[in-house]
Amino acid sequence: MTASCANASISTPRRSSSSSGCHPAARVRPWRRDTLVDFFSVSKGLTTACALQLVERGLLDLDAPLTRWWPEFGAAGKEHVTLRQVLSHRAGLPAVRERLPDGTMLDWGAMTAALARESPWWTPGTAHGYHVNTFGFLVGEVVRRASGTTLGTLLHTRLAGPLGADVHIGLPASAHGRVAEFLWPEGAMPPASPPSADEGDVMRWAAYWNPPGVSGAGWVNTAAWRSAELPSANGHGTARGVARVYAALARGGAIDGVRVLGADVLAEAVREQSVGQDLILQRPSRFGIGFQLPQPERPLGPNAGAFGHFGTGGSVGFCDPEADVAFGYVMNDLGPRWQNPRNRALVDAVYASL
């Protein structure tokens with residue numbers, strides 16, 4: 001079963017900012033079947049699937065150091081960091097210490113060079129912390145060097161294209177007219193500095209706000225943001241597109257005669273790699289290789305074998321192989337980042353209908 005859900009846009013004015021926390025822009029266009037929206041970290045699941053395709057083809061190795069493909073990355077004590085550690089958020093590189101100007105996230109070379117210079121915030125492999133934005137640059141650069149093409153191109157040619165899934169990392173200009181403006185909350189702009197000089201506070205601030213627009217604040221509705229490839233944060237698509245990718249993953253990597261990933265590498269990817277207190281999120285998190293795994297506090301349906309990835313504000317894509325369910329939900333009105341009641345209610349409704 002494939003389930004897809006999207007917030008519908010209406011022609012009545014939005015609630016006032018005092019009641020919703022969002023700016024009082026009017027909704028003037030109806031949400032259509034092919035409306036696209038930025039689904040933020042749902043992108044990480046797509047990025048992971050693309051990297052796993054290269055693992056299966058022998059172009060990448062989960063347990064080889066990244067320096068095999070990216071020699072410059074070995075600086076500052078990172079010579080033994082592996083792709084497995086990056087994908088499972090154990091690499092110790094959730095942020096860049098060097099202050100970067102706003103907009104630097106749109107310069108791929110500048111971001112990857114800064115990460116190559118960076119020293120780990122903790123000894124790689126000894127702990128985990130959500131690599132909020134660096135995940136996409138780290139995985140994307142290794143993918144680029146191993147395959148000779150960008151992650152967004154790989155997504156289009158080897159995953160989304162064959163499946164007919166309307167999902168993109170690096171949106172073509174011809175599709176910008178289909179994008180719903182994201183209703184970023186008023187006042188939710190990057191803090192200029194960390195709350196204290198404590199290294200943990202600095203690390204967590206930098207993970208979200210260095211450079212200032214790396215999480216999308218001030219940029220998410222611009223053509224430059226939509227066109228760039230930011231594999232952690234700027235995937236665009238429809239709920240049906242997200243669910244279509246997870247429909248293939250739910251069935252061991254193939255659906256309707258289209259095989260996008262092998263069952264063996266997928267089984268390895270959903271084996272637990274990181275669990276417990278997250279150094280960035282400051283709460284428990286649980287990851288396989290790239291995919292988020294269910295937690296009691298944040299289930300993906302009722303079955304333990306589900307996997308997928310949430311995105312800022314409530315978007316989510318996941319599958320449950322046991323129930324043969326694939327699910328996608330996207331929206332353009334920011335809700336709670338953690339334990340979002342909208343996606344939880346929709347997931348519960350899907351299972352109630354089985």
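Computed from a predicted structure; not experimentally measured. (Residues numbered from 1 in each chain as written. Predicted model: local features only at pLDDT ≥ 70, side-chain atom pairs only at ≥ 80, totals over all residues. Heavy atoms only, no water.)

A. Layout of the overall build of the protein. Within the protein, the regular secondary structure consists of eleven helices and eleven strands. Over its C-alpha trace the protein gives a radius of gyration of 19 Å, about what one expects of a compact globule, namely 20 Å for 354 residues. Counting only C-alpha atoms and orienting by the principal axes, one finds that the protein spans roughly 55 × 50 × 40 Å. For the protein, with 354 residues in total, the buried portion stands at 57%. Look at the contacts in the protein between residues 6 or more apart in sequence, and 67% of them connect residues 24 or more apart. When the accessible surface of the protein is summed, it comes to about 13,500 Å², and 53% of that surface belongs to carbon and sulfur atoms. (Helix = DSSP H or I, 4+ residues; strand = E, 2+ residues; numbered from the N terminus. Rg over C-alpha atoms; globule rule 2.2 N^0.38 Å. Buried < 20%, exposed > 50% of the residue type's maximum accessible area, 1.4 Å probe, protein only. Contact = heavy atoms within 4.5 Å. Areas by Shrake-Rupley, 256 points an atom, 1.4 Å probe, with all protein chains shown as cover.)

B. Focus on the packing of aromatic side chains. All told, the structure shown has nine aromatic pairs when counted by the stated rule. Residues Phe40 and Phe182 carry aromatic rings whose centres are separated by 5.0 Å and whose planes lie at 80° to one another, so their mutual orientation is edge-to-face. In this pair, Phe40 is assigned in the loop between strand E2 (37–38) and helix H2 (42–56) and Phe182 in the loop between strand E3 (167–169) and helix H7 (199–209), connecting sequence segments 142 residues apart. Across the pair, Phe182 and Phe40 agree in class, each one buried. A centroid spacing of 6.4 Å and a plane angle of 65° characterise the contact between Tyr246 and Phe291, whose relative ring orientation is edge-to-face. Taken together, the residues span a long stretch of sequence, with Tyr246 in helix H9 (residues 239–250) and Phe291 in the loop between strand E8 (284–287) and strand E9 (307–310) at a distance of 45 residues. (Phe/Tyr/Trp six-rings, centres within 6.5 Å; stacked < 30°, edge-to-face > 60°.)

C. Representation of the side chain of His89 in the model. Structurally, the position occupied by His89 is in the loop between helix H3 (83–87) and helix H4 (108–117). Non-local contacts of His89, meaning those with residues more than four positions away in its chain, are made with Trp122, Ala127, His128, Gly129, Tyr130, His131, Phe135 and Phe287.

D. Focus on the confidence of the model for the protein. Mean pLDDT over the protein: 92, with 93% of residues reaching 70 or higher. Segment residues 8–24: pLDDT under 50, and 37 contacts once partners within four positions in sequence are set aside and those in other chains are kept. (pLDDT = per-residue confidence, 0-100.)

E. Looking closely at the packing of H2 against helix H6 (residues 151–163). The geometry of H2 relative to H6 is characterised by a closest axis approach of 10 Å and an angle of 75° between their N-to-C directions. The orientation of H2 with respect to H6, classified from their angle, is roughly perpendicular. Contact residues: Leu46, Thr47, Ala49, Cys50, Gln53 and Leu54 in H2; Leu151, Leu154, Leu155, Arg158 and Leu159 in H6. Partitioned by chemical class, the residues of the contact of H2 with H6 number eight nonpolar, two polar and one charged. (Axes fitted to C-alpha atoms, helices over the stretch in contact; angles between N-to-C directions. Parallel < 35°, antiparallel > 145°, perpendicular 65-115°, else oblique. Nonpolar A, V, L, I, M, F, W, Y, C, P; charged D, E, K, R; others polar.)

F. Layout of the pattern of salt bridges. If you walk through the whole model with that rule in mind, you get 16 salt bridges. In this structure, Glu56 engages Arg259 in a salt bridge whose closest nitrogen and oxygen atoms are separated by 2.4 Å. Taken together, the residues span a long stretch of sequence, with Glu56 in helix H2 and Arg259 in strand E6 (residues 258–259) at a distance of 203 residues. Glu56 sits in the partly exposed class, given a relative accessible area of 33%. Look at Arg259 and you get exposed, because its relative accessible area is 55%. Residues Arg97 and Glu118 are paired through a salt bridge, measuring 2.3 Å at the closest nitrogen-oxygen approach. (Salt bridge = Lys/Arg side-chain N within 4 Å of Asp/Glu carboxyl O.)

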